[in-house]
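Examination of the molecular architecture
Take a look at the letters that make up each chain.
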Amino acid sequence: MTDYLTRLNAEQREAVETIDGPLLVLAGAGTGKTRVLTTRFAHILLSRRAFPNQILAVTFTNKAAREMRERVAAILGEPAEGLWLGTFHALCARMLRRHAEHVGLASNFSILDTDDQLRVLKQVMEAERIDQKRWTPASLMATIQRWKDRGLTPARIGTADESDFANGRATALYEAYQARLRVLNAADFGDLMLHMVEILLAHPDILAQYHRAFRYILVDEYQDTNLVQYYWLRLLAQSHKNICCVGDDDQSIYSWRGAEVENILRFEKDFEGARIVRLEANYRSTAHILAAASGLIAHNEGRLGKTLRPGRSDAQQGEKVSVVGVWDSDEEARMVGDRIESLRRSGESLDEMAILVRAGFQTRSFEERLIVLGVPYRVVGGLRFYERQEIRDAIAYLRATVRPADDLAFERIVNVPRRGIGDVAMRAMHDTSRAEGIPLAAAAALLHQRGALKGKVRDGIGELLQGLMRWRDTLPSEGHVVVAGMILDESGYTEMWKQDKSVEAPGRLENLKELVRALADFETLEGFLDHVSLVMENEENAQGPRVSLMTLHGAKGLEFDTVFLPGWEEGVFPNQRSMDEGGAKGLEEERRLAYVGLTRARQRAIVSHADNRRIYGNWQRSIPSRFLEELPDDEVNVTGSASLARDSRIAAATSFSGQFPLVARRTRVIEAWEQPARPARPDAIPVGSRVFHQKFGHGTVTSVDDDKLDVAFDKAGDKRVLDRFVEKAG
DNA sequence: AAGGTTAATGTTTTT
DNA sequence: CATTAACCTT
């Protein structure tokens, strides 16, 4: 009965069995956080303190929610249904649908994504005659988002929170934007939280209803919560105070998205009588890796403090963290590629290797190298499923069908595929819509009826409007899956991609099919649309082992035997912009990111830095990251120029008074270097020599750039090739 | 309305 | 450098 408890260590068990009252579980990397969370969930149920639907369990990602659901189901031995288990946003959306009228929305409101938001904002800015060159819609969106993260409605924005955007007109724009969203019957992501908090504050009866409903609250990744999320939790937990938050202040890396580390640092003050349990036994990494990571993170000031200790019996064995200095970024890619190959030869699986970079663009050099070596890889991240153009278009069709007043959806699809509708026709529809106070689609119908449209436009609009009505009418009888297929075919949308000869087209058609398949999992189209805007994720069609390439942010929560951490150079990592904008706090967050990176590794971590890096086309000298010096000497094994570079960093720092060469163009103090000459390799091929290439035949070398040669081939013309693909001829 | 040219601009992105 | 959005031309 309670044997699930015996599988836990003492501290984990305390975290599971401390059921009543506020509890903060400080869970270091690899200390069994997920296990504690799910076991605790199960323990509440099995000890009969609550029914499944009386527990509110909140995560940040859909992935985490899914995993938790699965693991709870496994412990219970039955599918976990009817649970209040999901992401902050999904749970809020679910609640908001019940009470939407209190914030001026109908319960079938649309949830807007970033693209829609931007479009609305542009419209608002246009109406207010804001110069969109000086003040970009994107930065207004960020400002509004930050306000929403902090629980600020337009009315709540005090003078201290005012932004200097558009000479202090940001608040007015925010207000106009919210008004526009109400007209569109739409909410953005921030609104889901903000509206719900507003409702709970304004309607004690509704709040009381949720107090009765939820006896226990579980929160994952608490260090990533923003202020509204914190308000929401505090409101819901206010009566019984049975709230358990799990998190790690050392892994807080999303402040730029509004996350407040202070939430977790303040926990004891916020919830009186709170208990804190620290999980410090790490079952993932070797002792060297743990000590290196601990030594690094100890340089941060604002932390609750905890020290990871090895929990694995074999942790004492293992390699030191290796720190490799290389000449330039190309050599770095070659070094990583070579190590991957040799690990593979010694029997390591590619699935157990990852290259973790600070910023997305850094993956490219590694991709290129892995392609040359023929090593399979996957780039994790990139565009998520629902962000892809074809999916967004298809969803817009569905929205336009079931929500006749959804102007944003209508506008998106009205000329996709091309129906000959341009600026002029669009303007006419907007004018009519505003004049008559009706939605765009209705305005289009009116214009069509009046004969105000002609030729191609007339036919195109007519056909689309008829289609929309027909699909809407067919929905009840045929069901949403069939109708979705009809919509895509009859609108000409599928045909459009079939005609498209680009390389992406087949994949897009495949995605559309996947979308229709996914639709079958839902009872109603409405339910599906919610799912799409909140949930849909990249389904990896994994085939065969491959190296993972991703950002450090993307790697949080994952683990690998071998982790490569390239680009540890001042300006790159820690990132210059983070430091410029975030100051000392920014630097601490970068350090936490480094900590996250190191603690992903089970067996070995290879950190590297290059002396020369090409940034925006020109070569620049780079300086080893300060984080390298912060790694305890006993835990690392330094090869290459790292040791020398430590001195050069100090020299450089003093001579440029803290300005490093990698700062942005505008503030750069020194001119970019030409790429420094590099000592010729023994087997180098000199300019002027005759070479032979398998594919291009004979030619003459015209210039040499490290391992890349420019060759004037006799028959094939000028090409750039890698030296390993040519041999000396004649 | 489509195609071609130029200028700006380069983090991280769980929902 | 390389990508993208805004602009200009037919």
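Model, not experiment: these values are computed from the prediction.

Quick word on the overall build of chain A
Scanning chain A from N- to C-terminus turns up 29 helices and 23 strands. The buried share among the 730 residues of chain A stands at 53%. Contacts in chain A between residues far apart in sequence, at least 24 positions, make up 74% of those at least 6 positions apart. Counting every atom, chain A has about 33,300 Å² of accessible surface; 50% of that belongs to carbon and sulfur.

Focus: the sheet that holds strand 2 (residues 55–59)
By way of backbone hydrogen bonds, the strands of a sheet pair with one another, either parallel or antiparallel. On the basis of which strands lie adjacent, the open sheet formed by six strands has the order 3-2-6-7-1-8 and parallel pairing. With one partner strand each, in any of the chains shown, strand 3 (84–87) and strand 8 (275–279) form the two edges of the open sheet. Strand-to-strand twist in this sheet, taken as the mean axis angle between neighbours without regard to direction, amounts to 15 degrees.

A word on the pattern of salt bridges
The full count for this structure, using the stated rule, is 50 salt bridges. Measuring nitrogen to oxygen at the nearest pair gives 3.6 Å for the salt bridge that ties E128 to R169. Taken together, the residues span a long stretch of sequence, with E128 in the loop between helix 6 (114–127) and helix 7 (137–149) and R169 in the loop between helix 7 and helix 8 (170–183) at a distance of 41 residues. Here E128 falls in the partly exposed class, since its relative accessible area comes to 32%. A salt bridge links D270 to R266; the nearest nitrogen and oxygen atoms lie 3.0 Å apart. For D270, a relative accessible area of 22% corresponds to the partly exposed category. Shared partners join several salt bridges into a network, and the residues in it are K33, D220, E221, D224 and K556.

A few points about the side chain of E635
For E635, the position within the fold is in the loop between helix 28 (626–630) and strand 18 (636–639). At 6.8 Å, K320 is the nearest oppositely charged side chain to E635, a buried residue that forms no salt bridge. For E635, the residues in contact, after removing those within four places along its chain, are H288, A291, A292, K320 and V321.

A short note on the protein's contact with DNA strand C
Within the structure, DNA strand C sits among K133, R364, Y616 and G617. Sugar plus phosphate, as a fraction of atoms of DNA strand C within 4 Å of the protein: 56%. Take K133: an N or O atom from its side chain is 3.0 Å from a phosphate oxygen of DNA strand C. Of the residues assigned to the surface near DNA strand C, the class counts are one nonpolar, one polar and two charged.

Regarding the packing of aromatic side chains
Scanning the entire structure with this criterion turns up 17 aromatic pairs. Measuring from centroid to centroid gives 5.5 Å for Y254 and W256, while their planes differ by 50 degrees, and the two rings are tilted. For Y254, a relative accessible area of 21% gives the class partly exposed. Owing to a relative accessible area of 48%, W256 belongs among the partly exposed residues under this scheme. Grouped by ring-pair contacts, the aromatic residues Y397, W471, Y493 and W497 constitute a single cluster. Between R94 and the ring centre of W84, over which it is positioned, the NZ or CZ distance is 3.6 Å.

Thoughts on the protein's contact with DNA strand B
In the region of DNA strand B, 31 residues are neighbours, and R257, R384, R418, G422 and S578 sit closest. Restricting the count to atoms of DNA strand B within 4 Å of the protein gives a sugar and phosphate share of 47%. For DNA strand B, a base nitrogen lies 2.4 Å from a polar atom in the side chain of R257. Take G360: an N or O atom from its main chain is 2.8 Å from a phosphate oxygen of DNA strand B. The biggest single contributor to the surface near DNA strand B is helix 27 (residues 576–598), with four residues. Class assignment for the residues of the surface near DNA strand B results in nine nonpolar, 11 polar and 11 charged.

Quick look at the environment of E280
Inspection of the secondary structure puts E280 in the loop between strand 8 and strand 9 (281–282). Along the backbone, E280 and T307 are 27 residues apart, and their C-alpha atoms lie at a distance of 6.1 Å. Leaving out residues up to four positions away in the same chain, E280 has contacts with E11, T31, K306, T307, L308 and R309.

Concerning the environment of G21
Tracing the chain through its elements places G21 in the loop between helix 2 (10–17) and strand 1 (23–27). Judged by relative accessible area, G21 falls into the buried class, the value being 17%. Separated by 462 residues in the primary sequence, G21 and V483 have C-alpha atoms spaced 50 Å apart. Each residue touching G21, except ones within four places of it in the same chain, is listed here: K241, N242 and I243.

Points about the packing of helix 9 (residues 189–202) against helix 10 (residues 204–213)
Running from N to C, helix 9 and helix 10 point in directions that differ by 105 degrees, and their axes come no closer than 5 Å. The angle between helix 9 and helix 10 places the two elements in the roughly perpendicular class. Side by side, helix 9 and helix 10 meet where M196, I199, L200 and A202 of the first sit next to P204, I206, L207 and Y210 of the second. Considered class by class, the residues forming the contact of helix 9 with helix 10 number eight nonpolar, no polar and no charged.

Quick look at the pairing of strand 1
Across the five residues of strand 1, five count as buried, placing the element largely inside the fold. Along strand 1, one buried face is formed by L23, V25 and A27 and the opposite face, lined by L24 and L26, is buried too. Direction of pairing for strand 1 relative to strand 7 (residues 243–247): parallel, over a ladder of four bridges. Each bridged residue has a counterpart across the sheet, and for L23 the counterpart in strand 7 is C244.

Notes on helix 10
Within the sequence span of helix 10, burial applies to I206, L207, Y210 and H211. Burial along helix 10 is one-sided: seen end-on, the buried residues are contained in an arc of 145 degrees. Exposed and oriented more than 90 degrees from the buried face of helix 10 are D205 and R212.

Criteria and thresholds
Residues numbered from 1 in each chain as written. Chains lettered and ligands numbered in written order. Predicted model: local features only at pLDDT ≥ 70, side-chain atom pairs only at ≥ 80, totals over all residues. Heavy atoms only, no water. Helix = DSSP H or I, 4+ residues; strand = E, 2+ residues; numbered from the N terminus. Buried < 20%, exposed > 50% of the residue type's maximum accessible area, 1.4 Å probe, protein only. Contact = heavy atoms within 4.5 Å. Areas by Shrake-Rupley, 256 points an atom, 1.4 Å probe, with all protein chains shown as cover. Pairing = 2+ DSSP bridges. Axes fitted to C-alpha atoms, helices over the stretch in contact; angles between N-to-C directions. Salt bridge = Lys/Arg side-chain N within 4 Å of Asp/Glu carboxyl O. Lys, Arg positive; Asp, Glu negative; His and termini not counted. Near = heavy atom within 4 Å. Polar contact = N/O pair within 3.5 Å; in protein donor to acceptor, adjacent residues only side chain to side chain. Nonpolar A, V, L, I, M, F, W, Y, C, P; charged D, E, K, R; others polar. Phe/Tyr/Trp six-rings, centres within 6.5 Å; stacked < 30°, edge-to-face > 60°. Lys NZ or Arg CZ within 6 Å of the ring centre and 35° of its normal. Parallel < 35°, antiparallel > 145°, perpendicular 65-115°, else oblique. Arc of directions from axis to C-beta.

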